[in-house]
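Okay, here's what each chain looks like letter by letter:
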Amino acid sequence: MSDSAESPTETQKEEPQPPADDSAANDEKKKIDVLLKAVGDTPIMKTKKWAVDRGRTVQSLAQFISRFLKLDGNEQLFIYVNQSFAPSPDQEVGVLFDCFGSDGKLVLHYCKSQAWG
Amino acid sequence: MSWYVLDEEKFHHCCQLLLQQSEQLRDGWIWEVVQGSKEGYLKKTALRLVTLDSKAAQKQERSGSDSEPHTSCHSSVKPHGQEGEQPDCIRDEVDDEDAGICTVTESSSQVLQFEYHILYSCSYGSPVLYFRAFTLEGRSLSLEEVWSSVHPNFRLRLQNSPLNTITQQEHPLLGQPFFVLHPCKTEEFMRPVLQAAQDQHRPVNYVLSWLSVVGPVVGLDVPLKYSTVVHPAASLSSTEPD
């Protein structure tokens with residue numbers, strides 16, 4: 001679980017490799033399709049569809065998006081499922097897909113915010 | 001009806017719905033009423049196995065982290081071996097969900113009792129999360145210790161402005177010192193959720209959605225089942241979830 005999923009490229013350190021782009025090597029058992037949608041004035045990711053390891057956590061995905069969008073330290077990225085709740089950072093995306101995926105993909109909305117204070 | 005503003009009545013309503021679900025899921029929330037008043041709040045206690053990471057506390061540049069006489073949280077001052085500024089290396093090493101951990105500090109992990117209260121704030125028109133934490137011997141945690149127990153996902157933001165995130169305040173109803181998660185940006189992160197709900201004519205439980213966002217910051221997870229077991233459409237339009 002977490003970042004030590006099956007993929008050998010995922011280490012505890014900063015992960016320069018993002019999840020595989022678009023379709024390609026999408027092993028049904030290990031990766032799920034995630035569609036990322038920006039909310040509000042959050043920058044839109046050029047690539048919206050990603051194949052993500054099931055074991056990847058929400059936190060890991062959020063960090064990836066944050067780095068991709070070059071958010072600074074004052075900004076927190078929020079991820080929503082069904083546009084109605086935020087999954088826990090430790091939640092595995094595979095589980096989210098099982099519960100909330102439709103049409104073979106998990107739609108996640110992301111939003112950057114100052115969040116607190 | 002403006003969805004962005006939560007009035008007290010709606011707050012109560014959302015809380016009651018949450019309570020019903022909590023009962024189904026045995027999640028432990030109860031409604032506490034203040035004696036001699038109509039006011040109440042949601043309350044939950046939980047045990048958490050926490051590793052207090054003093055490195056995070058030290059980054060605040062407060063002198064508090066080493067002045068704590070208590071030894072039960074003797075977090076080492078050793079720097080993290082692989083830690084850059086990335087929060088993903090600063091992990092509570094005992095969270096079950098986090099298998100791969102790279103922290104090299106000798107932080108001790110211990111079981112702490114957390115008590116969470118959800119109150120309504122008239123000033124902000126939103127729920128506010130108050131909490132306090134004790135060791136099993138009954139010692140309260142300090143603010144620095146609380147900061148160091150924040151989930152790594154939010155650690156960076158916390159480090160940038162700790163005093164704007166979690167501070168100590170007097171509980172508005174109980175008058176006791178509690179930690180509180182600052183509510184002033186609640187509307188900002190709730191807005192997309194509420195806007196979407198409104199656009200799709202789909203009801204959403206404000207308190208539940210809000211809790212799913214702020215809870216994990218302080219170790220309070222909202223089980224997924226809140227969103228799967230009960231059909232969302234039932235949340236606000238009926239009184240019983242089944």
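All of these numbers come straight from a predicted model, not from anything done at the bench.

Q: Any details on the overall build of chain A? Residues and values, ideally.
A: Scanning chain A from terminus to terminus reveals two helices and five strands. When its helices and strands are written in sequence order, chain A yields β-β-β-α-β-α-β. Across the 117 residues that make up chain A, the buried fraction comes to 54%. Sequence separation of 24 or more characterises 67% of the internal contacts of chain A that already satisfy a separation of 6 or more.

Q: Go over a nonpolar patch on the surface, please, and point to the residues and values.
A: Taken together, Leu47, Leu49, Val111 and Leu136 of chain B make up a surface patch of nonpolar side chains, about 360 Å² in accessible area. Mapped onto the secondary structure, Leu136 of chain B falls in the loop between β4 (126–135) and α4 (143–148).

Q: Got a sec to walk through the pattern of salt bridges? Specific residues and values, please.
A: All names here are of chain B. The tally for this structure, following the rule as stated, stands at eight salt bridges over all chains. Two residues, Glu115 and Lys43, come together in a salt bridge whose shortest N-O distance is 4.0 Å. Pair noted here: Glu115 is in strand β3 (residues 109–121) and Lys43 is in strand β2 (residues 40–51), with a separation of 72 residues, a long-range link. Both residues of the pair, Glu115 and Lys43, belong to the buried class.

Q: Explain the environment of Leu181 of chain B to me, using residue names and the numbers behind them.
A: Residues and elements named next belong to chain B. With respect to the helices, strands and loops of the structure, Leu181 is situated in strand β6 (residues 177–181). With a relative accessible area of 3%, Leu181 lands in the buried category. Residues Leu181 and Tyr130, spaced 51 residues apart in sequence, show a C-alpha to C-alpha distance of 6.6 Å.

Q: Just give me the short version of unusual backbone geometry, but keep the residues and values in it.
A: Peptide bonds are mostly trans, and most non-glycine residues show a negative phi. Residues and elements named next belong to chain A. Even without glycine at this site, Asn82 takes up a positive phi of about 55°. In this structure, Asn82 sits in the loop between β4 (76–81) and α2 (93–100). A positive phi angle, near 55°, is found at Asp103, a position not held by glycine. Residue position: Asp103 is located in the loop between α2 and β5 (105–113). By relative accessible area, which is 73% here, Asp103 ends up exposed.

Q: Now, about the packing of helix α1 (residues 8–25) of chain B against helix α7 (residues 206–214) of chain B: what can you tell me, with residues and values included?
A: All names here are of chain B. Where α1 meets α7, the closest approach of the two axes is 7 Å, and the angle between their N-to-C directions is 70°. Here α1 lies roughly perpendicular to α7, going by the angle between them. Note on element contacts: α7 touches α1 through Tyr206, Val207, Leu208 and Leu211, opposite Phe11, Cys14, Cys15, Leu18 and Gln21. Class assignment of the residues belonging to the contact of α1 with α7 gives a composition of eight nonpolar, one polar and no charged.

Q: Mind laying out the packing of helix α6 (residues 186–199) of chain B against α7 of chain B, listing which residues take part and the relevant values?
A: Residues and elements named next belong to chain B. Two numbers describe how α6 lies on α7: the axes approach to 10 Å, and their chain directions differ by 120°. Comparing their axes, α7 and α6 come out oblique. As for how α6 packs across α7, the hand of that crossing is right-handed. Packed against α6, whose contacting residues are Thr186, Phe189, Met190, Val193 and Leu194, the element α7 presents Tyr206, Ser209, Trp210, Val213 and Val214 at the interface. When the residues that make up the contact of α6 with α7 are grouped by side-chain class, the tally is eight nonpolar, two polar and no charged.

Q: Account for the pairing of β5 of chain A, with residues named and values stated.
A: Residues and elements named next belong to chain A. Bridge count between strand β2 (residues 31–38) and β5: six bridges; the pairing is parallel. Pairing of Ala38 across the sheet is with Tyr110, part of β5. The pairing of β4 with β5 spans six bridges and is antiparallel. When the sheet's bridge partners are listed, Tyr80 is paired in β5 with His109.

Q: Got a sec to walk through the confidence of the model for chain B? Specific residues and values, please.
A: All names here are of chain B. Looking at chain B, the pLDDT average stands at 75 and 68% of residues meet or exceed 70. Averaged pLDDT values over the elements of chain B bottom out at 39 in helix α3 (residues 64–67) and peak at 95 in β4. Confidence drops under pLDDT 50 across residues 56–103; counting only partners more than four residues distant or on other chains, this segment forms 123 contacts. In the predicted structure, residues 231–242 sits below a pLDDT of 50 and forms 17 contacts with residues beyond four places in sequence or in another chain. For this predicted complex, the interface score ipTM comes out at 0.72, alongside a pTM of 0.73.

The rules behind each value
Residues numbered from 1 in each chain as written. Chains lettered and ligands numbered in written order. Predicted model: local features only at pLDDT ≥ 70, side-chain atom pairs only at ≥ 80, totals over all residues. Heavy atoms only, no water. Helix = DSSP H or I, 4+ residues; strand = E, 2+ residues; numbered from the N terminus. Buried < 20%, exposed > 50% of the residue type's maximum accessible area, 1.4 Å probe, protein only. Contact = heavy atoms within 4.5 Å. Patch = residues over 30% accessible without salt bridge, like charges linked within 9 Å, V, L, I, M, F, W, Y side chains within 5 Å. Areas by Shrake-Rupley, 256 points an atom, 1.4 Å probe, with all protein chains shown as cover. Salt bridge = Lys/Arg side-chain N within 4 Å of Asp/Glu carboxyl O. Axes fitted to C-alpha atoms, helices over the stretch in contact; angles between N-to-C directions. Parallel < 35°, antiparallel > 145°, perpendicular 65-115°, else oblique. Nonpolar A, V, L, I, M, F, W, Y, C, P; charged D, E, K, R; others polar. Left-handed = near helix turned anticlockwise from the far one by under 90°. Pairing = 2+ DSSP bridges. pLDDT = per-residue confidence, 0-100.

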